[in-house]
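Results of the structural survey
In case you want the letters, here they are:
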Amino acid sequence: MAKRGHGFWGALLGPPPPPVERFSLESLRGLHDVLQRNANVTDANRETVVEALRSIAELMIWGDQHDARFFDYFAENNLLAHFTAFLVQRSNRQGDVAKQVLQTLSILIQNIRSTTAIFYLFSNNHVNEIIALRFDFEDDEVLGYYINLLKTVSLKLNSSTVQFFYQDNGEHAAFPLYTEAVKFINHRDGMVRAAVRTLTLNVYQIGDPAVQAFVVSQPASNYFTELAIFIAEQCQALDRQLSSLEAGTSAAAFSLESLLAEVEDLLSYCNDILGTGEPHLAELLLQRLLDLFAGPVLLWPLVAPWPAEAADAAARLSADPPPVRLPGAGERGHVRPLCALYVLERLLHVVTHPRLVSFLAAAMLLGAPLPERRAATQVPAANRGRIDAAESAPRPSSALETAAGLGRFRQAFMRHIGGRHASLAAAAARVLAGFLLNRAADADLLDAAGLLPHRRKKNRELMEALTGPGSPRSPRAHHAATGSLGSRDSLFADEGLLGLPAQPRPGRCTRSAGTSPHASLERVRTTEGASGNGRLLASLERCELHPIPDSPPSPPDSSSAARASDGGSGDADWADALCMLLLLQALPSTALWGVGWILLQLFGGGKAGAELSALQREVLGAAAGRSRAELAAELGGAWGDALPLLAAGEWRAGRAALLTPAPQSTATAVQAWMQAVQLQKAVAGGWGAAARADAAGTQTDQSSSAAALRAHYAVQRFVALTQLRQGLVGGDVADAPPTPLAGVSEAALRARELREGAELDPGPRLPCTVSFSRGQERSVALSVAGMPPSDLGSDAALDALAAAPAVVLVEAAEGIGIDLGGGSALSVAPLLGAAAAVDAAHPRWLHVHVRPPARGLVKTVRAASAAGAGMVAAQLQRQLVDGHWVLSFPDAAAAQAAAVLVQDHAARFQRQLAAALAPLLQG
């Protein structure tokens, strides 16, 4: 047989060539040929180019892990140049080609592990050129791939690789990776903003002096201005959403949490920048934050004029005015005081930078500024030209004007704590708790303000008693030696400048010895002058260009004069203000727990109890007495039978919140906000249609959900104040409420609860007629079942009392007449809340209100509280559905007898409840 040729016929008739292996150099060469043949991208070859780029990324990642020849081929043939060449064509900076090039680069940079390969990708300036190109950022997908590339590159930055992106020819410096990314700090897409924050933090943490000098010089330093303005704008949006929530817009709750989370993320990001350890970067950001955020958003709204008519309008929850433009530095009016306080509370939750926290604490708690004594900023000679003159030059200042301005912030903060506006007072109390919980808050500053927790104060005094004030191991001696501002327990560094020691008095949250306000101010001044950190206040002093309107001075009294004379806090006595706050009926439970925790921290307690002044004891007793009266009144209400169950459940949650407050999450903060708004609306509106049914049960126009909400708040308030009084006066908070009903189990309640279809015991029954559907009347009898025995000494009696009796419609069993006592429960209505009343127009008719059982209320409250305090009102309104019976009796006398039967049993049951709750109500 003739041998086949190798020409045309041989190729046609011979066996096919072996397939090219997927992960091989031949495959990579083939893809390279595709890129070379399709240098100009058109609609005809666009899909081919995109697929080739995607396949190259796969092969390079496989080769990086298995075969080093892949990278050698990639580098020798300069495949990266093709990527740049494609994007140089303007039409390829949008659509599929742009997406695939950016994605391929990101995949290569992220997954290649070889240091040599990474250096090659970065060294030839192709990545820098691609970053500097203008893509179609209107396309969200293109923008997403672009930002992801920038973030991926930043994750590979270190002191060695940053040189490929930061370029300085001696006259001009460029860093496109940074300057292009920061343009998107206020982009509408949250993922884009998050990527920018990640990238910038990666840049700041490199530690390269040239890069650090670049980011704090013009024009790159404008980023920090944009950042501060963006935070302020987010706070304005948050304020508008809060106004919508106050006005009753249900859709505002969801967006409120997302906006607050965004503000929190931005503040946490600023805290990360301040914590990088680079002094010039931290100084610049602090100035911008004080100029454009802390001053206008956190501090100035607190001292804005707030006349009585404005407060009344706010109490009526009027609509929010239209948005205003963002004011410049020093202007007031960014947000309302309520939003300012809540943002400040979230700041204290996430920010742990000592200088910023100490500044805010000095402004709002002490009223004593850290005065201006700044020296020229020390910049390395090689980079001094990179720092803009405006950033480092001293600015005019006046310590006296700053002191006056900061004193107003303290006065305004105290005014909000002691004001009549419950939402503002609750927010201010949360801020005060935030200062005590923040680990960066300076202990000496808190001590000077009279807010150092009792345990920490005792520990400091014990340490100084053991070591001696002059010992090198003494805390104050250590801080005086270091002269460091902002570290923990370090604000007042010079013991020699202390004034006369303030004499501690019972009932005052006294400062440690030697910390009168004037002496503390002198120590702050000396510390600032020695440490060279006086520029901290420059921004706030520039805000002082807009004078604060004067407020009429309060007439002095003997108590304020006495406090001022012995070094006390004068009219700004935090403990007295917090105690007075407990008298506000509209103060929500979250705020009560916060206020109680602060008071327990300040006074300590112990077995002998806290040393309260006569005024504080009187106010605490009055608040507790008022809450007892409110709870006792609820015994005669529609949900009196639910009070023991609510109190038992609330006691456990309240004790935990009062003694060990957990860090508040964003969702918890929003729920607390919603609860404050809802409670203020309910109290201001007189609880709507939830008029309390009296002991005679004559109220018929009543909403079960509104009455349940009022009962729930009354229990919360009573439990919180009772536990606080136990902690302050008795020194300890009981594990369970002092009532025998607290031990009733849920299983016992389910077993004793009357349900439809249950067989009933004999008892008084009054025949009547009822119709549950049109035209279908049924002969039934009205009765009261489940009444506990007169002697409540047994567990069974307590179970019956907790399960609560009910008004029932009895249907006779077959062959047994109703008048003989047989039959089963056709329908059930809890006795309390039945509000049986004869119809005025039809004397034979009896109206009976039907509400859900008490156990249903407790389950709803428990589930809603787990979702958040602000969800209780909505869940009660959704879950508690009312019913209504209209019963027809043979004559008017029978209808009246039925009403008296229900009312007498209700009064008897209420007396039994009051006796069982007496140990709790009598305190």
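Structure first, text after, so check above.
Here is a short report on the structure shown in this document. (Residues numbered from 1 in each chain as written. Predicted model: local features only at pLDDT ≥ 70, side-chain atom pairs only at ≥ 80, totals over all residues. Heavy atoms only, no water.)

1. Concerning the overall build of the protein chain
We count it as follows: Numbered from the N terminus, helices here are DSSP runs of H or I no shorter than four residues, and strands are runs of E no shorter than two. Burial status follows relative accessibility: with a 1.4 Å probe on protein chains alone, a residue under 20% of its type maximum counts as buried, one over 50% as exposed, and anything between as partly exposed. Contact definition: two residues touch when any of their heavy atoms are within 4.5 Å. In this description, accessible areas are obtained by the Shrake-Rupley approach with a 1.4 Å probe, and a residue is regarded as covered only by the protein chains that are shown.
The secondary structure content of the protein chain amounts to 38 helices and nine strands. Across the 923 residues of the protein chain, 54% fall into the buried class. Restricting the contact set of the protein chain to residue pairs at least 6 apart, pairs at least 24 apart contribute 77%. Just so you have it, the protein chain exposes about 39200 Å², and 54% of that area is on carbon and sulfur atoms.

2. Here's the deal with the nonpolar core
We count it as follows: Buried Ala, Val, Leu, Ile, Met, Phe, Trp, Tyr and Cys residues form a nonpolar core when they are joined through side-chain atoms within 4.5 Å.
In terms of nonpolar packing, the biggest core is built from 197 residues, with Tyr 178 and Tyr 204 touching the most fellow members. Sort the elements by how many residues they give to this core and helix H15 (residues 279-303) lands first, with 16 residues. Ignoring any residue separated from it by four or fewer positions in sequence, one finds Tyr 178 in contact with Leu 199, Thr 200, Val 203, Tyr 204, Phe 214, Val 215, Ala 220, Tyr 223 and Phe 224. One finds Val 715, Val 719, Val 770 and Met 787 within the second-largest nonpolar core, a separate group that totals 67 residues.

3. A few points about the packing of aromatic side chains
Selection rule: Within 6.5 Å between ring centres, the rings of Phe, Tyr and Trp (the latter by its six-membered ring) count as paired, and their orientation is classed by plane angle as stacked under 30 degrees, edge-to-face over 60, tilted in between.
A full pass over the atoms with the stated rule returns 19 aromatic pairs. When the centroid spacing of 4.9 Å and the interplanar angle of 70° are considered together, the rings of Phe 122 and Phe 165 count as edge-to-face. Highlighted residues: Phe 122 in helix H7 (residues 115-123) and Phe 165 in the loop between helix H9 (140-155) and strand S1 (167-168), separated in sequence by 43 residues. Looking at Phe 122, the relative accessible area reads 1%, which means it is buried. Overall, Phe 165 belongs to the buried group, its relative accessible area being 0%.

4. Topic: the pattern of salt bridges
The line we're drawing: Every case where a carboxyl oxygen of Asp or Glu lies within 4 Å of a side-chain nitrogen of Lys or Arg is listed as a salt bridge.
Counting across every chain of the model gives 22 salt bridges. In this structure, Arg 69 engages Asp 67 in a salt bridge whose closest nitrogen and oxygen atoms are separated by 2.8 Å. Asp 67 sits in the buried class, given a relative accessible area of 16%. Bridged by salt links that share partners, the residues Glu 264, Glu 345, Arg 346 and Arg 430 form one connected network.

5. Quick look at the side chain of Glu 650
Stated precisely, the cut-off is as follows: Residues counted as positive are Lys and Arg, residues counted as negative are Asp and Glu, and His and the chain ends are not counted.
The residue Glu 650 is located in helix H31 (residues 643-659) in this model. Buried charged residue Glu 650 carries no salt bridge. Nearest counter-charge: Arg 652, at 9.3 Å. The contact partners of Glu 650, leaving out residues within four places of it in the chain, are Trp 593, His 712, Val 715, Gln 716 and Val 719.

6. Notes on the pairing of strand S5 (residues 806-811)
Note the cut-off: When DSSP finds two or more bridges between a pair of strands, those strands are recorded as paired.
Judged by how many residues are buried, S5 sits mostly within the fold: five of six residues are covered. Sheet analysis places S5 next to strand S6 (residues 824-830), joined by six bridges and oriented antiparallel. Residue pairing across strands places Val 808 opposite Val 828, the latter belonging to S6.

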